[in-house]
Each structure stands twice: as C-alpha cells, then as structure tokens.
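Structure at a glance
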Amino acid sequence: MNRPPGVKAAKAASGKKSVVDEHALAHFEAMCSIKEKDLAVKEKDLALKEKDLQLSGRIECDGSTEES
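So, a few notes on the structure that sits alongside this text. (Residues numbered from 1 in each chain as written. Predicted model: local features only at pLDDT ≥ 70, side-chain atom pairs only at ≥ 80, totals over all residues. Heavy atoms only, no water.)

It is worth spelling out the pattern of salt bridges at this point. Evaluation of the coordinates by the stated rule reveals two salt bridges. As a salt-bridge pair, lysine 42 and aspartate 38 come within 3.6 Å of each other at their nearest N and O atoms. Of this pair, lysine 42 and aspartate 38 both sit in helix α2 (residues 22-67), separated by four residues, roughly a single helical turn. Look at lysine 42 and you get exposed, because its relative accessible area is 51%. A relative accessible area of 36% means that aspartate 38 is categorised as partly exposed. (Salt bridge = Lys/Arg side-chain N within 4 Å of Asp/Glu carboxyl O. Helix = DSSP H or I, 4+ residues; strand = E, 2+ residues; numbered from the N terminus. Buried < 20%, exposed > 50% of the residue type's maximum accessible area, 1.4 Å probe, protein only.)

Moving on: the environment of serine 33. Position of serine 33 among the secondary structure elements: in helix α2. Polar contacts involving the side chain of serine 33 include one to the main-chain carbonyl oxygen of alanine 30, which spans 2.8 Å. (Polar contact = N/O pair within 3.5 Å; in protein donor to acceptor, adjacent residues only side chain to side chain.)

What follows is the structure in structure tokens.
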C-alpha cells in the first residue's frame, strides 16, 4: 500500500518528544516567580494609593464643609 509523501513523515514526527533544557526551564520558572511577586507588590501599592485618594477626598470634603 502506497501512502502519500507527507503521511510517513507526519507519523514519525508524532512519536518524538522534545527535550527541555533544565537550565532554561529553571531560569524561566525563576523569572515567572519574580514577575508574580512584582505584580503582587504593584497591586498592593495601587490599593494603598486608592485608599489614600479616598481618604484625602473625604478630608477635603469634610474640611470644606467645616469652613462654611
């Protein structure tokens, strides 16, 4: 039985597994953990800034009401 030219190559490629460089994988995982920590710090900083803005808005509103 004759197969089309690409079938044999496609079947051979499906059985191969790629080899992952362990050093590159460790470097990638380290960078991901650093990025996650950085994102967490940025989110916390943003939340604090929002609270500061809310408090400053309340103080300004309260202050202007007392002056009237």
